[in-house]
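Notes for the structure review
Next come the chains, spelled out residue by residue.
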Amino acid sequence: AMPRSSIVSRIAHDSYRHSPSTMPGGRWWENLESNFCDRPEGFELEPWDWARVNATAAIDLVMRTWGGSLLALTLPLGYLPALRGQGFIDGPDDWQLYIDLVQPDADPAGFFRDPPEGVRVTEYEPRWTIFEPDDGRCIGLKFESPYQPYNERMAEVFASHRNNRTARARWWRHNDGPRPVLLAIHGFMADPYWLNVRFFSLQQFYEQGYDIVLFTLPHHGLRAEDSTVYSGQGFFTAGMSGINESMAQAICDLRVLKRYLRRDCGVEQIAVTGVSLGGWTSAMLASLDDDLDAVIPNVPVVTPVDLLLEWYPAGAIVRTGLFALGWSVRYLREIMAVTTPLTYSPKVPTERLMIIGGVGDRLAPPKHSRLLWDHWNRCRIHWFPGNHVVHLDRGAYIAHITEFLHEVGFRHGEAESAELAEAG
């Protein structure tokens, strides 16, 4: 009999396999229905799974209202200096820069520029290691982010973010390395190392033979400015231009980190996973770079404008603004399209892509995972019966991820030899 932990994934996947694609052709930001944020995502579940899914979904609705309230209160803070004549204020002239980047003859490499050579990465002993492996050590990594905003009017804003200019990561490294590296990217407001070690089961993957690198997104953790109310606030408080530039900075810093691991440390294989905002980032990386051995977005966001419209009360404020200004959801999508994975064909082959989706997720609803799955030629996907934070049956999808990584050849040589010897 099929174990209960895999029932949700099987039912959801089977019900989708023969269904029409949700990904529109052509310019997705124009052709995706304008009420996508209101579209329900139906799953045919067994009674026990239905009860668990709805219980966890209720938790997400409470958290979404809390998060939407924080955004509603703090988004205007980014405009206060500008209103006093002291800085940048986002507007249509700035947005046109990003709209121009997604026209048919545009080259996204002009926006996602390769980082310059010579960025010096410093290793240091972190104060807290979270877990201390017997056969390795935990190392802190930091470097000066070389990112320069595409929109020159934002240069002063980025220069003023002193903490954010120092990119950071944590590396759990085996003594006999280099080993294949699993690079993990945290979610919005969820940057603590201790939280992500547990959430991603990173110690378990370390014990499977992988090295682990946990990257800190711009404006999070020690990269957040001292004046911010919560970690991650700076990612969203310079308008849509600021969100685009922050995502581009994340890609730039990740490329510096990848280059350091490969060139300076001899790492040959890198797989990337990320949750929520980190899922969005990992999906963008798969859309731009072909040197990744596997990419696994976990409860990813793929059209942030539509997501924000669901986050009450921030979404209600945005809807009111759209109505008052006569703007459409499609216009906002086009502004953000340059940093949306739906805009690009993935550079990583379909067989090296895998998506993790939560059936009861109401912070990054499953229709986002479904849309990315359709866009990615229906790559491997695993559905779990939980919400954005409470991932029920996580053991099942950790086992599924491990199986997937082995199938694409992402494994440590000693572990592979041991398995072959055991099979023999």
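That block above? That's the structure.
About the cut-offs
- Residues numbered from 1 in each chain as written.
- Predicted model: local features only at pLDDT ≥ 70, side-chain atom pairs only at ≥ 80, totals over all residues.
- Heavy atoms only, no water.
- Helix = DSSP H or I, 4+ residues; strand = E, 2+ residues; numbered from the N terminus.
- Buried < 20%, exposed > 50% of the residue type's maximum accessible area, 1.4 Å probe, protein only.
- Contact = heavy atoms within 4.5 Å.
- Areas by Shrake-Rupley, 256 points an atom, 1.4 Å probe, with all protein chains shown as cover.
- Phe/Tyr/Trp six-rings, centres within 6.5 Å; stacked < 30°, edge-to-face > 60°.
- Lys NZ or Arg CZ within 6 Å of the ring centre and 35° of its normal.
- Right-handed = clockwise from strand over helix to strand, strands pointing away.
- Axes fitted to C-alpha atoms, helices over the stretch in contact; angles between N-to-C directions.
- Nonpolar A, V, L, I, M, F, W, Y, C, P; charged D, E, K, R; others polar.
- Pairing = 2+ DSSP bridges.

Some words on the overall build of the protein
Each helix and strand counted, the protein has 16 helices and nine strands in total. Sorting the 424 residues of the protein into buried and exposed places 58% on the buried side. Counting only contacts in the protein whose residues sit at least 6 apart along the sequence, the fraction spanning at least 24 positions is 80%. If you sum the accessible surface of the protein, you get close to 17800 Å²; carbon and sulfur atoms cover 54% of it.

Thoughts on the environment of Ala 283
Mapped onto the secondary structure, Ala 283 falls in helix α10 (residues 277–288). In this structure Ala 283 comes out as buried when scored by relative accessible area, which is 0%. Taking the C-alpha atoms as reference, Ala 283 lies 6.1 Å from Pro 297; in sequence the two are 14 residues apart.

Let's talk about the packing of aromatic side chains
The full count for this structure, using the stated rule, is twelve aromatic pairs. A centroid spacing of 6.1 Å and a plane angle of 70° characterise the contact between Trp 95 and Tyr 331, whose relative ring orientation is edge-to-face. Of this pair, Trp 95 sits in helix α5 (residues 92–100) while Tyr 331 sits in helix α13 (residues 329–336); the two residues are 236 residues apart in sequence, bridging distant segments of the chain. Taking the relative accessible area as the measure of exposure, Tyr 331 reaches 22% and is therefore partly exposed. Both rings, one in Tyr 210 and one in Phe 410, keep their centres 5.0 Å apart while their planes meet at 20°; by these two values the pair is stacked. In this pair, Tyr 210 sits in the loop between α8 (202–207) and β5 (211–215) while Phe 410 sits in the loop between α15 (394–407) and α16 (413–423), placing the two residues 200 residues apart along the sequence. Of the aromatic side chains, those joined through ring pairs into one cluster are Tyr 98, Phe 111, Phe 112 and Tyr 150. Over the ring of Tyr 193 we find Arg 170; its NZ or CZ atom is 4.0 Å from the centre of that ring. One residue, Lys 367, lies across the ring of Phe 36, its end atom 5.5 Å from the ring centre.

So, the pairing of strand β6 (residues 270–275)
In terms of burial, β6 is largely enclosed, as six of its six residues are buried. Alternating positions in β6 separate into two faces, Ile 270, Val 272 and Gly 274 on one and Ala 271, Thr 273 and Val 275 on the other, with burial throughout. The β-α-β motif built from β6, the intervening α10 and the parallel element strand β7 (residues 294–298) has right-handed crossover chirality.

Things to note about the packing of helix α9 (residues 239–264) against α13
Running from N to C, α9 and α13 cross one another at 35°; their axes reach a closest spacing of 9 Å. Mapping the contact onto sequence places Met 240, Ile 243 and Asn 244 in α9 and Leu 332, Ile 335 and Met 336 in α13. Tallied by class, the residues present in the contact of α9 with α13 amount to five nonpolar, one polar and no charged.

Looking at the pairing of strand β9 (residues 380–384)
Burial analysis of β9 places four of its five residues in the buried class, the great majority of the element. Strand direction decides the pairing type here: strand β8 (residues 354–358) and β9, joined by five bridges, are parallel. Residue Ile 356 lies in a different strand from β9, and its bridge partner there is His 382.

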